[in-house]
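Residue-level listing of the chains:
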Amino acid sequence: MTERKVEMTVYDIAQEIAENHGFVTIPLRGKRPILKNWTQLEAVEEEEWEGADSVGIRTGRISDVCVVDIDNMNVLAEIEHLPDTLTFNTTRGRHFYYRYDSRVPSFSPLDGIDILSDGKQAQWKGAPINDAEIAPFPYEIFSRYTRSKAQGEPYEIPERIIS
């Protein structure tokens, strides 16, 4: 007897992600949320996924996750010392998933790097390249950036990134 492979819907994938990781998922078309009120949602009903072609993860406290989104491959090569964590390839770089840290806002510390925390979302990119347990956010690496931003000063680049 031949096994029939059942195709999963985008909604099914979102439900599996929520169950396996505890993330709040939202429907996307490409990289854009399809629901206007997505930043207020804690759950999305199945019928609201109509027209979605991918899954977004609400980042920040609500999903207990911050994503380091690196699109600049030159910078990525310089900061390979990031702690081992759940990691995905993206079209232009990588997403590194870390546990939420309330000290870390959503911001862009360098050209090609975004920290996605409260009020942001990250597109789920399928199978991870590193299916490691989600590590604590590497605050020590990014703390200079957050201090500088809070004080309204230019961002500083840590020595280990530029040397």
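Before reading further, recall that the structure is shown in the block above.
Residues numbered from 1 in each chain as written. Predicted model: local features only at pLDDT ≥ 70, side-chain atom pairs only at ≥ 80, totals over all residues. Heavy atoms only, no water.

Draft legend 1. Fine view of the packing of aromatic side chains. Tallied over the entire structure, the rule returns seven aromatic pairs. Note on Tyr11 and Trp49: the rings are 6.1 Å apart at their centroids and 65° apart in plane angle, and the pair reads as edge-to-face. Here Tyr11, found in helix H1 (residues 10–21), pairs with Trp49, found in the loop between strand E2 (32–33) and strand E3 (54–58); they are 38 residues apart in sequence, far enough to count as distant. Judged on exposure class, the residue Tyr11 and its partner Trp49 are both buried. The interplanar angle of 75° and the centroid separation of 6.0 Å between the aromatic rings of Tyr97 and Trp124 together place this pair among those described as edge-to-face. Of this pair, Tyr97 sits in strand E6 (residues 94–99) while Trp124 sits in the loop between strand E9 (121–123) and strand E10 (135–136), and the two are 27 residues apart along the sequence. Judged by its relative accessible area of 0%, Tyr97 falls in the buried class. Residue classification places Trp124 among the buried positions, given a relative accessible area of 14%. Above the face of the Tyr139 ring, Arg103 is positioned so that its terminal group lies 3.6 Å from the ring centre. (Phe/Tyr/Trp six-rings, centres within 6.5 Å; stacked < 30°, edge-to-face > 60°. Helix = DSSP H or I, 4+ residues; strand = E, 2+ residues; numbered from the N terminus. Buried < 20%, exposed > 50% of the residue type's maximum accessible area, 1.4 Å probe, protein only. Lys NZ or Arg CZ within 6 Å of the ring centre and 35° of its normal.)

Draft legend 2. Seen up close, the pairing of strand E4 (residues 65–70). Most of E4 sits out of view: six of its six residues are buried. Pairing geometry for E4 and E6, over six bridges, is antiparallel. Along E6, the bridge assignment pairs Val68 with Phe96. Sheet topology note: the E4/strand E8 (residues 113–116) ladder contains four bridges and is antiparallel. Note that in E8 the partner of Ile70 across the bridge is Ile113. (Pairing = 2+ DSSP bridges.)

Draft legend 3. Just the sheet that holds strand E1 (residues 25–29), in detail. Pairing is antiparallel in the open sheet, where four strands are placed in the order E2-E1-E3-E9. Of all strands in the sheet, those with a lone pairing partner are E2 and E9, marking the two edges. Of the strands in this sheet, E1 and E3 touch H1, which is tilted by about 30° from E3. (Contact = heavy atoms within 4.5 Å. Axes fitted to C-alpha atoms, helices over the stretch in contact; angles between N-to-C directions.)

Draft legend 4. Representation of the environment of Asp131 within the structure. By the element assignment, Asp131 lies in the loop between E9 and E10. Considered as a pair, Asp131 and Thr85 are 46 residues apart in the sequence and their alpha carbons are 7.3 Å apart.

Draft legend 5. Summary view of the environment of Leu41. Position of Leu41 among the secondary structure elements: in the loop between E2 and E3. In this structure the C-alpha to C-alpha distance between Leu41 and Val24, which are 17 residues apart in sequence, comes to 8.2 Å. Among all residues touching Leu41, those that are not within four sequence positions of it are Val24, Leu35, Arg58 and Ile62.

Draft legend 6. Up close: the pairing of E8. Relative to E8, strand E7 (residues 107–110) runs antiparallel, the two being bridged by two bridges. Residue pairing in the sheet places Leu110 in a bridge with Ile113 of E8. From the end of E7 to the start of E8, which pair antiparallel, there are two residues, and Gly112 there has a positive phi angle of about 90°.

Draft legend 7. Summary view of the side chain of Thr87. Looking at the secondary structure, you find Thr87 in strand E5 (residues 87–89). Apart from residues lying up to four places away in sequence, Thr87 is in contact with Arg94, His95, Phe96, Pro128, Ile129 and Asn130.

Draft legend 8. Summary view of a negative patch on the surface. Judged by side-chain charge, Asp12, Glu16, Glu19, Glu45, Glu46, Glu47 and Glu48 come together as a negatively charged surface patch. Residue placement: Glu47 occurs in the loop between E2 and E3. (Patch = residues over 30% accessible without salt bridge, like charges linked within 9 Å, V, L, I, M, F, W, Y side chains within 5 Å. Areas by Shrake-Rupley, 256 points an atom, 1.4 Å probe, with all protein chains shown as cover. Salt bridge = Lys/Arg side-chain N within 4 Å of Asp/Glu carboxyl O. Lys, Arg positive; Asp, Glu negative; His and termini not counted. Charge placed at Lys NZ, Arg CZ, Asp CG, Glu CD.)

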